[in-house]
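For reference, the chains in residue letters:
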Amino acid sequence: MRIQPGQTDPAVIRNFCIIAHIDHGKSTLADRMLQITGVVDDRSMRAQYLDRMDIERERGITIKSQAVRLPWQVNGTEHVLNMIDTPGHVDFTYEVSRSLQACEGAILLVDAAQGIEAQTLANLYLAMNNDMTIIPVLNKIDLPAAQPEKYAAEIAHLIGCEPEEVLKVSGKTGVGVRELLDHVVEKVPAPVGEATAPARALIFDSVYDTYRGVVTYVRVMDGHLGKRERILMMSSGATHETLEIGVISPEPKIADKGLGVGEVGYLITGVKDVRQSRVGDTVTSGARPAADPLSGYEHPKPMVFSGLYPIDGDDYPELREALDKLQLNDAALVYEPETSAALGFGFRCGFLGLLHMEIVRERLEREFNLSLISTAPNVIYQVIMEDGKEFTVTNPSEFPTGKVDRVFEPMVKATVLVPSEFIGAIMELCQNRRGNLQGMDYLSEDRVEIRYTMPLGEIIFDFFDQLKSRTRGYASLDYEPSGEQESELVKVDILLQGEAVDAFSAIVHKDKAYSYGVEMAKKLRELIPRQQFEVPIQAAIGARVIARENIRAIRKDVLAKCYGGDISRKRKLLEKQKEGKKRMKMVGRVEVPQEAFVAALSTESSSADKAKK
Amino acid sequence: MISRTGHRVRGGRLGHVPSTLPDGDPVPPSGDLPEGALDGLGERPFGFYVHVPFCVTRCGYCDFNTYTASELGPGASREDYAHTAIREVRRARANLGDVDLPVETVFFGGGTPTLLPAADLVRILAAIGEEFGLAPGAEVSTEANPESVDPAYLEELRGGGFNRVSFGMQSAREHVLRVLERAHTPGRPAHAVAEARAAGFEHVNLDLIYSTPGESDDDWRASLSAAIEAGPDHVSAYSLIVEDGTRLAARIRRGELPMPDDDVAADRYLIADAMLAEAGFEWYEVSNWATSEAARCRHNLLYWTGGDWWGVGPGAHSHVGGTRWWNVKHPAAYAQRLTAGVSPAHAREVLTPGDRAVERLMLELRLSAGFPLGELDRPRVVARALADGLLEVEPFKTGRAVLTLRGRLLADALVRDLT
């Protein structure tokens, strides 16, 4: 019975995670592990067993991490393997770092046909900085295009091991998976903690369940957590009672004896909102609290902002309700109501990054059946006026008017991994996006890592799209926040017949203001139907017009004939046209179809569309 | 493309019977009208439209309810048509009751009415007269094609009671007529007008079409000159409408012909109005000009001012006291119904007061007589229309909304804003 939860000797526990790029086969490998360790029988098996959300399964990515307890025998000794599945995307770096902190070892999983990708590299650095044991593995060795020798050398170079030490598996066929599990037991250190100390457990994930409320995933570092125990969240100071405590294997199993040192499991306290149980926080005992929390808690900080508006204004209450519900499960999502003259009532939402934004939007549309317009994404700007007043701008239309002294924008360190033949293309792109080259390293003969610092605002503006198209899809990108920088930024307004359309305002570098203005004005000229009067479209910085287009007045809007048999048909056509008119938004006297807003804004969010792929 | 008589013209004034019928409510086999429709019958002008659904060939731009011989099934031959149509005239009397209902206007359209022997048209007209009686000075029109009629035919019609003829001239330019797939030669309309005058027709109309692909401003001016030269007392001018499903639409889709441009059509309209006014024609409806009030088409005015009319023939539309209905489309189905003693009506709609108000505005605002300002309930839209130069100032002062030249080109937009 010594491997039952709450009674397991830390010496037989191995906590590990898998670091991998989106499509390098992590979920498939996890599926094989579930089968080989016998926790899922062949009859109940389904592909990507651990991915819960439809979006995860469809896109083949993991958004939220998972923890599965697997039994595994080595040399007659029963061991407990806790596999912690990590999110695979740059937007969720913080969550990745918490998952890593819950483990002693990491499997570095790399597609044998593609080699390591930028995000994987970033997560690998995180793991190595945490002094974790890295187990390098090449996956998909069954593929005809696999080049195990080449990529083994690349990995060995990165982590400082011998190419022969890189394991070779196929998640698809199961080849090498048993050996890999043996290897985990052999190489990953057992957890160490003080069993008698006050309890300290790290929250590495927190998920809202409609029926159960918030399910909090924890790794116990010291002491013991039991059920029906009063617990304390150390950053928020909130106390709750553990209604249920257990492990996932891979279905939830109640642990009557609670969880001890080194163990990984879940607890349910009846709270309804993940913000009361935040990733990175430390859980301790309410009766005998620990003196210090575990290190490293950070409040999630939104980096990218966008306005979300219902296409049908009547859906505003539904949108609010849907955001409220999503927030129960997404502590990083922030939003507040905003009103746009052009788009009506909506919300300004803050996201961790582009993928996060895209996922939220998709969930709103899919799970809550809403049709939305989103404005072009933007970052946070700090604006200092000549009189010393400071503004934080998350919506371009709120950029202050008057004498602006200085503007600061968030910067990132960007890492691009790319075959060396595309170096020129990458440098041209990054230069064009105000990037500063920081360095370049060859990972292997023909693969290179290029590092830039760059404004985040340039990355969220179809950068990923460009990166992929200029490198035939080979480049991969990772970035991390890297402070702020003063820049020559201006707000460009788009005016229809002299009235600014708030939804189209953008903050851009002064060298790009002209091209933004020209492009937007052109686009709108195509999208806005002709009116009974001429409509000038202007792009302006303050009072200075930098681009202008004209929508010529419509001259003929009459059917030539209307005789006996045409009357019913014509009346019905008129009624239909009037229905269409109702969906128009008025900007001054100009009727702008909803579709024009959608079309004008959608091309700009194309980077987000691509980032999900 | 050989056509012995007229072709139905799309965009032509004809258009009484579009090929696509609206949806509607069912009509009882008796054809009895719904309650209230007969109220006030006889107090409004009453007319007859007779649809003749035959053509020798079908023009490339036409989407009307018309059939060439090969498209017709049994029981719907041209020879039987007058007999079948007369059956419907008799049913009309039965459905409308005994009320005194003198017929103010009769209009034969198609298809190609003159594809039937003149005697057949005269027989149908006679049946209408027998059942209802023609009002003194009634207007009796038929459509015809310039190259299809001859003096004898015209004389027979005139003798049978017809007093107005409308020729589908369309254009005086050969290359334009070719695109429209019209067969007559450019010089023919002038002769046809002269023949009609000689036969004693008091009123002659020429139909013109503008903004046909390939037509230049000068081509259009030449057509207008030729039409004016021919000496009609009425001209109708329509911009070409490209209807889905026509050969013309297919040719444009394939890129063989350019799509007519609305700005070009606007220019052509201005040219037409200027040249016709210069020649003594005054506009009285968006697409219609006449040399005098007496020359205006009373039948069409009846449509536009809420009159009652009975439409005879397959696909024909009728209106009596706020109920609109339309007949089954195919000539064979039409004939079968009448032979079986059943109403040929396919479906109908009973207009709500709101529908009637919209229709009234939509139709009357197109007339030079305009619409009473006091009955428009959107003062701000009205004021803006005046300020924007869509409404004439002088009539406005006396309480009428009358479209300016620019207003006529934007009439639909204004109606949308006003309803």
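What you see is a predicted model, and the numbers here were worked out from it, not measured in a lab. (Residues numbered from 1 in each chain as written. Chains lettered and ligands numbered in written order. Predicted model: local features only at pLDDT ≥ 70, side-chain atom pairs only at ≥ 80, totals over all residues.)

### Here's the deal with the packing of helix H2 (residues 118–132) of chain B against helix H3 (residues 151–159) of chain B
All names here are of chain B.
Then comes step 1: As a packed pair, H2 and H3 sit with axes 9 Å apart at the nearest point and diverge in direction by 10 degrees. As far as their axial angle goes, H3 and H2 are roughly parallel. The segment H2 lies against H3, with Ala118, Ala119, Leu121 and Val122 engaging Tyr153, Glu156 and Leu157. (Axes fitted to C-alpha atoms, helices over the stretch in contact; angles between N-to-C directions. Helix = DSSP H or I, 4+ residues; strand = E, 2+ residues; numbered from the N terminus. Parallel < 35°, antiparallel > 145°, perpendicular 65-115°, else oblique. Contact = placed C-beta atoms within 7 Å.)

### What about the nonpolar core?
Then comes step 1: Residues A:Ile19, A:Ala106, A:Leu108, A:Val137 and A:Val416 are the most contacted members of the largest nonpolar core, which totals 172 residues.
Then comes step 2: Sort the elements by how many residues they give to this core and strand S21 (residues 404–419) of chain A lands first, with seven residues.
Then comes step 3: When neighbours within four sequence positions are excluded, A:Leu108 is seen to be in contact with A:Ile19, A:Leu124, A:Ile134, A:Ile135, A:Pro136, A:Val137 and A:Ile155.
Then comes step 4: If you look at the next biggest cluster of nonpolar residues, it comprises 116 residues, including B:Phe46, B:Leu96, B:Ala118 and B:Leu302. (Core = buried A, V, L, I, M, F, W, Y, C linked by C-beta atoms within 7 Å. Buried ≥ 20, exposed ≤ 12 C-beta atoms within 10 Å, placed from the backbone.)

### Concerning the sheet that holds strand S12 (residues 252–254) of chain A
All names here are of chain A.
Then comes step 1: Pairing within the open sheet is antiparallel, and its eight strands lie in the order S10-S9-S14-S7-S8-S13-S11-S12. Two strands close off the open sheet at either side, each with one partner strand: strand S10 (239–241) and S12. The sheet shows a mean angle of 40 degrees between the axes of neighbouring strands, direction not considered.
Then comes step 2: Bridge analysis of strand S11 (residues 244–248) against S12 gives three bridges, and the strand direction is antiparallel. Looking at the pairing, valine 247 lines up with lysine 253 of S12. (Pairing = 2+ DSSP bridges.)

### Considerations on the interface of chain A and chain B
Then comes step 1: Facing 23 residues of chain A, the contacting portion of chain B comprises 40 residues.
Then comes step 2: Grouping the amino acids of the side of chain A that touches chain B by side-chain chemistry returns seven nonpolar, five polar and eleven charged. (Nonpolar A, V, L, I, M, F, W, Y, C, P; charged D, E, K, R; others polar.)

### Observations concerning unusual backbone geometry
Most peptide bonds adopt trans geometry, and most residues besides glycine take a negative phi value.
Then comes step 1: Omega for the peptide link from A:Ser249 to A:Pro250 comes to -15 degrees, which places this bond in the cis form.
Then comes step 2: If you trace the backbone, A:Pro250 turns up in the loop between S11 and S12.
Then comes step 3: With an omega of 20 degrees, the peptide bond between B:Gly110 and B:Gly111 qualifies as cis.
Then comes step 4: Among the secondary structure elements, B:Gly111 is positioned in the loop between strand S2 (103–110) and H2.
Then comes step 5: Residues other than glycine seldom take positive phi values, yet A:Lys140 does so here, at roughly 65 degrees.
Then comes step 6: With respect to the element layout, A:Lys140 can be found in the loop between strand S5 (133–139) and helix H5 (148–159).
Then comes step 7: Owing to 25 C-beta atoms within 10 Å, A:Lys140 belongs among the buried residues under this scheme.
Then comes step 8: The phi dihedral of A:Arg434 is positive, around 65 degrees, even though this residue is not glycine.
Then comes step 9: For A:Arg434, a count of 19 C-beta atoms within 10 Å translates into the label partly exposed.

By themselves, these observations are geometric and do not establish any function.
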